[in-house]
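Examination of the molecular architecture
Take a look at the letters that make up each chain.
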Amino acid sequence: MPLHDEQRRRFCQATGLVLIGATLPGCGDAPPAMVDMLACGPTSVGVGIDITSLTIGSAMYFQTGNGVNVFVCRDADGVFALDAGCTHLGCDVMFVDAKCGFHCPCHGATYDFNGDKPTAPAPRPLQHYLVCATVSGQAVVDINQVVDPSTRYKL
Ligand code: FES
């Protein structure tokens, strides 16, 4: 079985789509264009929004239920997901706006909108996770796939 078929099968099983896969593209005979959208693994978590509904400069907070909270954000290059946990001692940061980025309420560290340029006492940038979309366009974050800070889900 080619790798992409295996990824698609695992994704469909993880999201329960295998039960209705016969009627959904992507869980039966997905066209090749769907493969990139299914790169997220079986531990992916849906964040309950249509990925196209995020406006440029916005960030939506989401609790995954796995001890990791994320911000799903959009800039001019696409959609990305940040670990909401401050790299100092783990408090969830707060979104200010796209210009000012994020602020930690515990000890005052700040990050830019991409989670970069941490200020003291944060020792490093916020972690980025892979973002995908289901065949119906729902945003999905895979907290087990850390990606380069420049990675974007292109809309
Ligand atoms: S936990 Fe964020 S600055 Fe300390």
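In the block above lies the structure referred to throughout.
1. Notes on the overall build of the protein chain
Across its full length, the protein chain holds 1 helix and 9 strands. Going residue by residue from the N terminus, the α and β elements of the protein chain occur as α-β-β-β-β-β-β-β-β-β. Residues classed as buried in the protein chain amount to 45% of the 155 residues present. Partitioning the contacts of the protein chain with sequence separation of at least 6, the portion at a separation of at least 24 is 45%. Surface summary for the protein chain: the accessible area is close to 7800 Å², and the carbon and sulfur share equals 56%.

2. Side note on the pattern of salt bridges
Scanning all chains against the criterion turns up 1 salt bridge. Two residues, Arg152 and Asp75, come together in a salt bridge whose shortest N-O distance is 2.8 Å. On the criterion of sequence distance, the pair formed by Arg152 in the segment after β9 (138-147) and Asp75 in strand β3 (residues 69-75) is long-range, its members being 77 residues apart. Here Arg152 matches Asp75 in class, with each residue buried.

3. Re the packing of aromatic side chains
For the structure shown, the criterion picks out 6 aromatic pairs. Ring geometry for Phe80 against Phe113: centres 5.6 Å apart, planes inclined by 75°, an arrangement best described as edge-to-face. With Phe80 in strand β4 (residues 78-83) and Phe113 in the loop between β7 (110-111) and β8 (128-133), the pair connects residues that are 33 residues apart, well separated along the chain. When the ring of Phe95 is compared with that of Phe102, the centres are 5.3 Å apart and the planes differ by 50°; the resulting orientation is tilted. Using a relative accessible area of 1% as the deciding quantity, one classes Phe102 as buried. It is Arg152 that lies over the ring of Phe80; its NZ or CZ is 3.9 Å from the centre.

4. Comments concerning unusual backbone geometry
Negative phi values dominate among residues other than glycine, just as trans dominates among peptide bonds. Of the consecutive residues Ala120 and Pro121, the connecting peptide bond is found in the cis state with omega at 10°. With respect to the helices and strands, Pro121 occurs in the loop between β7 and β8. Here Lys117, not a glycine, exhibits a phi torsion of approximately 50°, which is positive. Within the secondary structure, Lys117 sits in the loop between β7 and β8. We classify Lys117 as exposed; its relative accessible area is 64%.

5. Some words on the pairing of β9
With 3 bridges joining them, strand β1 (residues 45-50) and β9 adopt antiparallel strand pairing. Looking across to β9, one finds that Asp50 is bridged to Gln138. Looking at chain direction, β8 and β9 are connected through 6 bridges and run antiparallel. Residue Tyr129 lies in a different strand from β9, and its bridge partner there is Val146. Hairpin connection between β8 and β9: a loop of 4 residues separates the two successive antiparallel strands, and Gly137 in this loop has a positive phi of roughly 90°.

6. A short note on the side chain of Asp83
Positionally, Asp83 belongs in strand β4. We note that Asp83 is buried and unpaired, the nearest opposite charge coming from Arg124 at a distance of 8.9 Å. When residues no more than four places from it in sequence are discounted, the contact partners of Asp83 are Val68, Asn69, Leu126, Gln127 and Tyr129.

Criteria and cut-off values
Within each chain, residues carry numbers counting from 1 in the order of the written sequence. It should be noted that, the model being predicted, local features are given only for residues of pLDDT at least 70 and side-chain atom pairs only at 80 or more, the latter also being counted only at that level, while totals for whole chains, interfaces and linings use all residues. In computing side-chain values, all of the structure's heavy atoms are included and hydrogens and water are not. Helix and strand labels come from DSSP, where a helix needs a run of H or I of at least four residues and a strand needs a run of E of at least two; each type is numbered from the N terminus. Three labels apply to residues, based on accessible area from a 1.4 Å probe with only protein chains included: buried if under 20% of the type maximum, exposed if over 50%, partly exposed otherwise in between. Every residue pair with non-hydrogen atoms within 4.5 Å of one another is taken to be in contact. Every accessible area reported is derived by Shrake-Rupley at a probe size of 1.4 Å, with residue values counting cover from the shown protein chains alone. By definition, a salt bridge exists where a carboxyl oxygen of Asp or Glu is found within 4 Å of a side-chain nitrogen of Lys or Arg. Ring geometry is summarised as follows: Phe, Tyr and Trp rings, the Trp one being its six-membered ring, pair when their centres sit within 6.5 Å, and such pairs are stacked at plane angles under 30 degrees, edge-to-face over 60 and tilted between the two. For a Lys NZ or an Arg CZ to count as sitting over a ring, it must be within 6 Å of the ring centre and within 35 degrees of the ring normal. Whether two strands pair comes down to DSSP finding at least two bridges between them. The sign given to each residue is positive for Lys and Arg and negative for Asp and Glu; His and the chain ends receive no count.

These figures capture arrangement, not role.
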